[in-house]
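Chain by chain, the residues:
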Amino acid sequence: MKQFLAKFFDITFWKFIIVGVINTLFGTGIMFLFYNVFHLSYWISSASNYFFGSILSYVLNKFFTFKNKDNSKETVIRFIINISLCYLLAYGIAKPAVRAVLSSATVKLQDNISMLVGTCLFTGFNYIGQRFFVFKKNEE
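Basis of the calculations
Residues numbered from 1 in each chain as written. Predicted model: local features only at pLDDT ≥ 70, side-chain atom pairs only at ≥ 80, totals over all residues. Heavy atoms only, no water. Buried < 20%, exposed > 50% of the residue type's maximum accessible area, 1.4 Å probe, protein only. Helix = DSSP H or I, 4+ residues; strand = E, 2+ residues; numbered from the N terminus. 1 Å grid on protein atoms, 1.4 Å probe; cavity = no way out; pocket = protein on both sides within 12 Å on 5 of 7 lines; lining within 4 Å. Points joined across faces, edges and corners; volume = space filled by probe spheres on them. Nonpolar A, V, L, I, M, F, W, Y, C, P; charged D, E, K, R; others polar. Phe/Tyr/Trp six-rings, centres within 6.5 Å; stacked < 30°, edge-to-face > 60°. Core = buried A, V, L, I, M, F, W, Y, C linked by side-chain atoms within 4.5 Å. Contact = heavy atoms within 4.5 Å.

Turning our attention to unusual backbone geometry. Phi at His-39 takes a positive value of approximately 55°, unusual for a residue other than glycine. Its relative accessible area of 61% is what places His-39 among the exposed residues. One non-glycine residue, Lys-67, lies in the positive phi region at around 45°. You can see Lys-67 is positioned in the loop between helix 3 (42-65) and helix 4 (73-101). A relative accessible area of 45% places Lys-67 in the partly exposed class.

Moving on, we come to the layout of surface pockets. In this structure, the largest pocket encloses a volume near 210 Å³. Lining the largest pocket are Ala-47, Tyr-50, Phe-51, Ser-54, Ile-55, Tyr-58, Phe-79, Ile-80, Ile-83, Ser-84 and Tyr-87. Top element by residues in the lining of the largest pocket is helix 3. It accounts for six residues. Taken together, the residues of the lining of the largest pocket break down into nine nonpolar, two polar and no charged.

Here the focus is the packing of aromatic side chains. The tally for this structure, following the rule as stated, stands at 13 aromatic pairs. Where Phe-16 meets Phe-66, the ring centres are 6.4 Å apart and the plane angle is 55°; that geometry is what we call tilted. Taken as a pair, Phe-16 in helix 2 (residues 11-36) and Phe-66 in the loop between helix 3 and helix 4 lie far apart in primary sequence, 50 residues in all. What makes Phe-66 buried here is its relative accessible area of 3%. Relative to Tyr-91, the ring of Tyr-42 lies with its centre 6.3 Å away and its plane at 65°, an arrangement referred to as edge-to-face. Remark: Tyr-91 occurs in helix 4 and Tyr-42 occurs in helix 3; sequence separation between them is 49 residues. Accessibility expressed as a relative area gives 4% for Tyr-42, which makes it buried.

All right, on to the nonpolar core then. Among the nonpolar cores identified, the biggest contains 20 residues, and Tyr-91, Met-115 and Phe-122 are the most heavily contacted of them. Put simply, the parts of the chain that give this core at least two residues each are helix 2, helix 3, helix 4 and helix 5 (107-134). Counting residues per element, this core draws most heavily on helix 4, which supplies six residues. Sequence-distant contacts of Phe-122, defined by excluding residues within four places in its chain, comprise Tyr-50, Ile-83, Cys-86, Tyr-87 and Ala-90.

By the element assignment, Gln-110 lies in helix 5. By relative accessible area, Gln-110 is classed as buried at 5%.

Tallied over the entire structure, the rule returns one cavity of 30 Å³ or more. As a volume, the largest cavity reaches approximately 140 Å³. As for the largest cavity, its lining consists of 14 residues, and the residues nearest its centre are Gly-20, Asn-23, Thr-24, Phe-122 and Thr-123. Of all the secondary-structure elements, those providing two or more residues to the lining of the largest cavity are helix 2, helix 3 and helix 5. Residue contributions to the lining of the largest cavity peak at six residues, all from helix 2. Partitioned by chemical class, the residues of the lining of the largest cavity number four nonpolar, ten polar and no charged.

The following block contains the structure:
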């Protein structure tokens, strides 16, 4: 267990966190702008975050975090699968959970908090997916 934790929280983890902060500021800014300024729906706003943020995330994580030199389409496909599953799982959990906890709040407040919770869940799921599924070949 000690070895697993040491590997899990190594320099790659901290690089992922740095990239994640940059990417989260970028994507979350888009998401809240689309929802609160352009009045787009919860799903379109949060999906836009991950559409635009995923492009930035792929480039930064591939070259900086995981130093992956693989140019195969397989890596891109694994990345898309990972992002899609993490998005559906994180936001699929966040929205009903926040609605249940904040049932007396306005829908707008529920949705904003759901998007924030979804962002946090997504980050954890995404690290695990990218580290152990998308860019795994480079780690071995």
